[in-house]
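What follows is each chain in one-letter form.
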Amino acid sequence: MADIIIVGAGPAGLTAAIYAQRAGRKALVFEAAVYGGQIVNTPEIENYPAIKKISGFEFATALYEQATSLGAEVKMERVISVTDNGSSKTVKTDNSEYECKAVILATGAKNRTLGLENEKALIGKGVSYCATCDGMFFRGKTVAVAGGGNTAIEDALFLSNYCEKVYIIHRRDRFRAHEAEVAKLKGRENVELVLNKNVTALKEDGGRLCGVEVTDKLTGEKSELAVAGLFVAIGQAPDNTPFENVATLDNGGYIVAGEDCKTGIAGIFTAGDCRTKQVRQLTTAASDGAAAALAACSYIDSL
Amino acid sequence: MAATVVTSANFEAEVLKADKPVIVDFWASWCGPCKMLSPVMEEISETEDSVKICSVNVDDEMELASNYGISSIPSLLVFKGGQLVNQSVGVITRQAILDLAR
């Protein structure tokens, strides 16, 4: 039996595994897709203390190797449910069932979707959530970015280097992104701001995206933009619904817990982007991993 | 067997004329998720005899990628008897990859 089961092998989950193993507790980590989480999509990390520059892939790989070399076990299984039996917990995956003493939910967050009918079908056929991954396929074409935060502005700047034209569609009249970046964007001749508008439909031709319908938030007027690509950058969303029985979720679906990473249920902890917090960064994910693991260790000591 | 590196020159021979289902992995060295998927593809290639694993570097083979309408990577395309029968975008599990070729 593992002492601590960690749900999610992103930076928070793997950091928790490192701290648990070093505290002499056996950590078992479950991951549904790929270890590393969202950071794998980042070409260059330049804000992690003591590391000037590293790719998300290298960071994830190094973290994984550190955790496993300390004895943590990582299994590629999707966790379906967690049951609290008091001093033991049962974790059910798509493959098997496991018992442990404490659980750390480090499920992270995923790219938020627009929620449009044919959006999923058009992924890889014009709809993308990663401009740095997919931008080169739209060289010389007209594309749109949906969103108004830092990621959206960075995406639009990046795309404007390759694309014929870049529309940036934002539901407000102001951007939330850093001023300097917005000013840079406004200086680009091939960028057009489409403000106070929402993307309300995706137009397709032969199974590929050919345009987007936008609706003016104030007037309700609809118009269409012909684009070959749409980069969706409207933030992240968690998916903690399988764990509602062992954790309280806020309106956004995040697990309610403070900096101590305690959920309110004895032996159930949470760490990283899936937790209610102000700042969701690599450093704060790692910080949560440490706090949650050490809290779990002292909980086990008290059993 | 290691994954077969495919270019426009050998695509027909290696993929379209293969005698078993082929999963083609379109990837690039600068794509983090692609690099997470590559070892899984290699592992399948080494252990599963029922499918053939090929890889296409999109930086070297832009035309091939464009011919198959690739606009997100990693993209997996499954061919059977020379026909494109299935595809998937993004990192997926080993089992999901094998299910694509079922």
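Coordinates for the structure precede this section.
A. Examining the side chain of N190(A) more closely. Residue and element names in this part refer to chain A. Following the sequence through the fold, N190 ends up in the loop between α5 (179-186) and β11 (191-195). In terms of polar contacts, N190 uses its side chain to reach the backbone carbonyl oxygen of S160, at 2.9 Å. Sequence-distant contacts of N190, defined by excluding residues within four places in its chain, comprise S160, C163, E164, K165 and V166.

B. Inspection of the pattern of salt bridges at higher detail. Within the structure shown, the criterion is met by 18 salt bridges over all chains. Between K75(A) and E73(A) there is a salt bridge, with its nearest N and O atoms 3.7 Å apart. On the basis of relative accessibility, which here comes to 25%, the residue K75(A) falls in the partly exposed class. Overall, E73(A) belongs to the partly exposed group, its relative accessible area being 33%. A salt bridge links K52(B) to E14(B), with the shortest nitrogen-to-oxygen separation between them at 2.6 Å. Of this pair, K52(B) sits in strand β3 (residues 52-57) while E14(B) sits in helix α1 (residues 11-16), and the two are 38 residues apart along the sequence. K52(B) sits in the buried class, given a relative accessible area of 14%. It is possible to trace a salt-bridge network through shared partners that takes in D3(A), R25(A), K101(A) and D301(A).

C. Focus on the packing of helix α1 (residues 11-22) of chain A against helix α2 (residues 56-69) of chain A. All names here are of chain A. Viewed as axis vectors pointing N to C, α1 and α2 meet at an angle of 30°, and their least axial separation amounts to 8 Å. Of the possible angle classes, the one that applies to α1 and α2 is roughly parallel. As α1 packs across α2, the resulting crossing turns out to be left-handed. For the pair formed by α1 and α2, the contact residues are P11, L14, T15, A17 and I18 on the first element and L63, Y64, Q66 and A67 on the second.

D. Focus on the sheet that holds strand β12 (residues 197-205) of chain A. Residues and elements named next belong to chain A. With respect to topology, three strands assemble into an open sheet ordered β12-β13-β14, the strand pairing being antiparallel. Of all the strands in the sheet, the pair left with one neighbour each is β12 and β14 (222-226). Recorded for the sheet is a direction-independent mean angle of 30° between the axes of neighbouring strands. In this sheet, strand β13 (residues 208-216) lies alongside β12 in antiparallel orientation, the contact comprising eight bridges. Across the sheet, residue K203 finds its bridge partner in β13, namely G211.

E. Spatial organisation of the state of the cysteines. For the coordinates displayed, the defined rule picks out two disulfides over all chains. Disulfide pairing is shown between C130(A) and C133(A); the S-S distance is 2.2 Å. The sign of the 65° torsion about the S-S bond sets the C130(A)-C133(A) disulfide as right-handed. Judged by relative accessible area, C130(A) falls into the buried class, the value being 14%. Two residues share a disulfide in this structure: C31(B) and C34(B), whose sulfurs sit 2.3 Å from each other. Its S-S torsion of about 80° marks the bond between C31(B) and C34(B) as right-handed, since a negative value means left-handed. Both residues of the pair, C31(B) and C34(B), belong to the buried class. With no disulfide of its own, C261(A) lies 9.0 Å from the sulfur of C274(A), the closest cysteine sulfur. Free of any disulfide, C297(A) has its nearest cysteine sulfur in C100(A), 13 Å distant. The class of C297(A) is buried, set by a relative accessible area of 7%.

F. Geometry of the pairing of strand β2 (residues 22-27) of chain B. Residue and element names in this part refer to chain B. Counting buried residues along β2, five of its six residues qualify, which places the element largely inside the surrounding structure. Relative to β3, β2 runs parallel, the two being bridged by six bridges. Residue D25 lies in a different strand from β3, and its bridge partner there is S55. Crossover connection from β2 via helix α2 (residues 32-47) to parallel β3: handedness right-handed.

What counts, and at which threshold
- Residues numbered from 1 in each chain as written.
- Chains lettered and ligands numbered in written order.
- Predicted model: local features only at pLDDT ≥ 70, side-chain atom pairs only at ≥ 80, totals over all residues.
- Heavy atoms only, no water.
- Helix = DSSP H or I, 4+ residues; strand = E, 2+ residues; numbered from the N terminus.
- Polar contact = N/O pair within 3.5 Å; in protein donor to acceptor, adjacent residues only side chain to side chain.
- Contact = heavy atoms within 4.5 Å.
- Salt bridge = Lys/Arg side-chain N within 4 Å of Asp/Glu carboxyl O.
- Buried < 20%, exposed > 50% of the residue type's maximum accessible area, 1.4 Å probe, protein only.
- Axes fitted to C-alpha atoms, helices over the stretch in contact; angles between N-to-C directions.
- Parallel < 35°, antiparallel > 145°, perpendicular 65-115°, else oblique.
- Left-handed = near helix turned anticlockwise from the far one by under 90°.
- Pairing = 2+ DSSP bridges.
- Disulfide = S-S within 2.5 Å.
- Right-handed = clockwise from strand over helix to strand, strands pointing away.

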